[in-house]
Amino acid sequence: MEGADSDSRSPKANGEMHLEVEVPETAHQISKDSWFQVGFVLTTGINSAFVLGYSGTTMVPLGWAGGVIGFILATGISLYANALIARLHEFGGKRHIRYRDLAGHLYGKKAYFLTWTLQYVNLFMINTGFLILAGQALKRRISLSDEAIYVLFRDDHDMKLPYFTAIGGFVCAIFAIGIPHLSALGIWLGFSTFLSLIYIIVAFVLSLIDGIKAPSKDYSIPGSGASKVFSIIGAAANLVFAFNTGMLPEIQATIRQPVVRNMMKALYFQFTAGVLPLYAVVFMGYWAYGSTTSTYLLNSVSGPIWVKAMANIAAFLQTVIALHIFASPMYEYLDTQYGITGSALSPLNLSFRIVARGGYLAINTLVSAALPFLGDFMSLTGAISTFPLTFILANHMYVVAKDNKLNSLQKLWHWLNVCFFSCMSIAAAIAALRFIALDSKTYHLFADL
């Protein structure tokens, strides 16, 4: 970049240049976790309760051919883009423990704040989706003869989705107050994996049984004309949303040295063993119900009430853990900004977490309860933040950082990626906003979906 920031460039010993941006030290723990633990952090994100939505929100608009090819391509492209970011973690002889730190180092202050804004929007929207999921999992009705009951108690029609979303937000706040930083998740990652397996196996098995019983299935792509085109574009945004966190440097900051090699191990784990449960439940759900698949798969399955109740409770609890991962960059910012160090249980630190994290999640919960359109938020998040952060910025950063080490063909490849994903981002954002506008006309604020 040229212009006002060009005079802030300072030469490096290896001939590279960078832009000076004041970067604060972190108040959170870094460089302590094994690659295996980090791999489970990444896998927790992939196999969160969002996997219960991809059959309906992604496979239905894309169909078998588009859906299967799309998921496989999204897996490979996401691994490639994340690897680019991982390899820049120690660029310029220093660790960049935040996404915005790396952007500031390469581009300057404006990019530092722009990246932080994009990342904040990305993580806020992901957490909005988690809270919608938490509310849906708690509220999920299960038919029994002529009665409808909630997972936890009888449906008297007084408890609506916004109330359950508020309960979910409260539980997430309690968890956030008790877990000071990302590395402190520890054993909770094991619980998260166990909970993921519960709802994935239940959804898979019940879908398989229903699919075998179903005489015929309709796999035609619904809609026509412009509606179908917008649905396909929105589904493409869901694909990139499924595999990417938008906070890879923050996760990589927790890993032990050598940070690049260990992070690559974690990424390979995420994109091999980690994606198999997602593939299984997404494809099985679509096979069983076709174009009628719900945007929350446990809505479509039939089976014993207690089994579906267990799956919904597992989805709710896993959502609490997963949300903490995606909220951790905001928590780190607040703790670092206000100098919250020392014992996590000290009265001052505990009080700060109650106010700061509780306040953040209160705002997030309010938005989730007011606009409970899960599929739309997945598409919009993929469009306005996941595409730019994971694909556009990753490729451009790599070109800037490795400019004198790349040949013309390699540079062309990265620039083609930048241009293609920029176009996809714009198209997906238009599609997502269209769907939100349509749903807003159909449903009112704080709708009971």
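Criteria and thresholds
- Residues numbered from 1 in each chain as written.
- Predicted model: local features only at pLDDT ≥ 70, side-chain atom pairs only at ≥ 80, totals over all residues.
- Heavy atoms only, no water.
- Phe/Tyr/Trp six-rings, centres within 6.5 Å; stacked < 30°, edge-to-face > 60°.
- Helix = DSSP H or I, 4+ residues; strand = E, 2+ residues; numbered from the N terminus.
- Buried < 20%, exposed > 50% of the residue type's maximum accessible area, 1.4 Å probe, protein only.
- Lys NZ or Arg CZ within 6 Å of the ring centre and 35° of its normal.
- Contact = heavy atoms within 4.5 Å.
- Polar contact = N/O pair within 3.5 Å; in protein donor to acceptor, adjacent residues only side chain to side chain.
- 1 Å grid on protein atoms, 1.4 Å probe; cavity = no way out; pocket = protein on both sides within 12 Å on 5 of 7 lines; lining within 4 Å.
- Points joined across faces, edges and corners; volume = space filled by probe spheres on them.
- Nonpolar A, V, L, I, M, F, W, Y, C, P; charged D, E, K, R; others polar.

**Describing the packing of aromatic side chains**
Two measures describe an aromatic ring pair: the distance that separates the ring centres and the angle between the ring planes.
Next, step 1: Per the stated rule, a full pass over the model turns up 30 aromatic pairs.
Next, step 2: Measuring from ring centre to ring centre gives 6.0 Å for Phe387 and Phe421, while their planes differ by 35°; the resulting arrangement is tilted. Of this pair, Phe387 sits in helix H13 (residues 374-401) while Phe421 sits in helix H14 (residues 408-442); the two residues are 34 residues apart in sequence, bridging distant segments of the chain.
Next, step 3: For Phe387, a relative accessible area of 2% corresponds to the buried category.
Next, step 4: Aromatic rings pair up to connect Tyr54, Phe71, Phe243, Phe271, Tyr279 and Phe283 into one cluster.
Next, step 5: The aromatic ring of Trp116 is capped on one face by Arg100, whose charged end is 4.0 Å from the ring centroid.
Next, step 6: Over the ring of Trp287 we find Lys217, and its NZ or CZ is 4.5 Å from the ring centre.

**Topic: the environment of Asn244**
Next, step 1: Here Asn244 is to be found in the loop between helix H7 (226-243) and helix H8 (248-252).
Next, step 2: The exposure class assigned to Asn244 is buried, which follows from its relative accessible area of 5%.
Next, step 3: As for Asn244 and Ser78, which are separated by 166 residues in sequence, their C-alpha atoms are 6.8 Å apart.
Next, step 4: Setting aside residues up to four positions removed in sequence, Asn244 forms contacts with Ser78, Asn82, Thr386, Thr390 and Phe391.
Next, step 5: A polar atom in the side chain of Asn244 sits 3.0 Å from the side chain of Ser78.

**Considerations on empty space enclosed by the protein**
Next, step 1: Under the definition given, this model contains 4 cavities of 30 Å³ or more.
Next, step 2: Around the largest cavity, the lining comprises 16 residues; the ones closest to its centre are His28, Glu250, Ala253, Thr254 and Glu332.
Next, step 3: Top element by residues in the lining of the largest cavity is helix H11 (residues 305-337). It accounts for 3 residues.
Next, step 4: For the lining of the largest cavity, the per-class residue count stands at 6 nonpolar, 7 polar and 3 charged.
Next, step 5: In this structure, the second largest cavity occupies an estimated 80 Å³ of space.
Next, step 6: Lining the second largest cavity are 15 residues, with Gly45, Phe241, Ala242, Asn244 and Phe326 sitting closest to its centre.
Next, step 7: Considered class by class, the residues forming the lining of the second largest cavity number 10 nonpolar, 5 polar and no charged.

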